[in-house]
Amino acid sequence: MQLAAEQKSADVTDWAARAGWVVGLLLFIALVYWLMREGWKWRGTLQGDLPPLPVVPDDAAPAKLELTGRYHGSTTAGQWLDRIVAHGLGTRSRVELTLTDAGLAVVRPGASDFFVPAGQLREARLDKGIAGKVLAEGGLLIVTWEHGEKLIDSGFRSDHAAEQAEWVEAINNMINTTSTTEGTAR
């Protein structure tokens, strides 16, 4: 009987202190989220000199190539971590790419669509990463294009990765054809 008398009951949880910690943690998470959102908006303000994006033309030329996949964002060309957020270019989304003689149509359900005229295309290549997304070597289709006075790299990932090499070849051939045609016209 003395053994039973010596046992203590378990300590009672201090619910007020625990609730205080939970509320404090939730407020901290909300603060961090708010600061990230403000940073994103500030980056957009700093990139305010970027002109509005061209819209996809209504009179669609015949498609040379079509691709469905993911749009992973845009960065300043050659600086794969300098994300561009102005005009919705920082928003990841599904994508439907269509390459025509007129240029590259980028249709993004749930985000703003844009069009890259053929004369603005500068290069296409396979690479391993763009701001916020890193894959195996050659896992991303990177299209470099000029907008305003800025060169931009946009990253895409096809649902069928094998077709990305065909896109690189087609875009680079189109660029070479366009630059040769412009060179002889001068």
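Use the structure listed above.
Just so you know, these numbers come straight off a predicted model, no measurement behind them. (Residues numbered from 1 in each chain as written. Predicted model: local features only at pLDDT ≥ 70, side-chain atom pairs only at ≥ 80, totals over all residues. Heavy atoms only, no water.)

Student: Describe the overall build of the chain, listing the residues and the values that go with them.
Tutor: When helices and strands are tallied, the chain shows 3 helices and 10 strands. Reading the secondary structure of the chain in the N-to-C direction produces α-α-β-β-β-β-β-β-β-β-β-β-α. Looking at the chain as a whole, 31% of its 186 residues qualify as buried. Of the roughly 11,600 Å² that the chain leaves accessible, carbon and sulfur atoms contribute 58%. (Helix = DSSP H or I, 4+ residues; strand = E, 2+ residues; numbered from the N terminus. Buried < 20%, exposed > 50% of the residue type's maximum accessible area, 1.4 Å probe, protein only. Areas by Shrake-Rupley, 256 points an atom, 1.4 Å probe, with all protein chains shown as cover.)

Student: Residue-level account of the pairing of strand E9 (residues 140-147), with values.
Tutor: Across the 8 residues of E9, 7 count as buried, placing the element largely inside the fold. Sheet topology note: the strand E6 (residues 121-127)/E9 ladder contains 6 bridges and is antiparallel. Residue pairing in the sheet places Asp-127 in a bridge with Leu-140 of E9. In this structure, E9 lies alongside strand E10 (residues 150-158), joined through 7 bridges in antiparallel fashion. In the sheet register, Trp-145 faces E10, and the bridge partner there is Ile-152. Counted along the chain from E9 to the antiparallel partner E10, the turn is 2 residues long, and its residue Gly-148 has a positive phi close to 65°. (Pairing = 2+ DSSP bridges.)

Student: Run through the nonpolar core, naming residues and quoting values.
Tutor: Counting residues in hydrophobic clusters, the biggest one holds 28 residues, and the most contacted among them are Leu-97 and Trp-167. Of all the secondary structure elements, the ones that give two or more residues to this core are strand E1 (65-76), strand E3 (93-99), strand E4 (103-107), strand E5 (114-117), E6, E9, E10 and helix H3 (164-185). In terms of residue count, H3 provides more of this core than any other element does, 5 residues in total. If we ignore the near neighbours within four places in the chain, the residues touching Trp-167 are Leu-65, Glu-66, Leu-67, Leu-97, Thr-98, Leu-99, Leu-104 and Leu-141. (Core = buried A, V, L, I, M, F, W, Y, C linked by side-chain atoms within 4.5 Å. Contact = heavy atoms within 4.5 Å.)

Student: Report on the pattern of salt bridges, specifying residues and quantitative values.
Tutor: Here the structure, examined in full by the defined rule, presents 7 salt bridges. Between Arg-122 and Glu-146 there is a salt bridge; the shortest N-O distance is 2.4 Å. With Arg-122 in strand E6 and Glu-146 in strand E9, the pair connects residues that are 24 residues apart, well separated along the chain. Among the charged side chains, a network of salt bridges with common partners joins Glu-123, Arg-125, Asp-127 and Asp-153. (Salt bridge = Lys/Arg side-chain N within 4 Å of Asp/Glu carboxyl O.)

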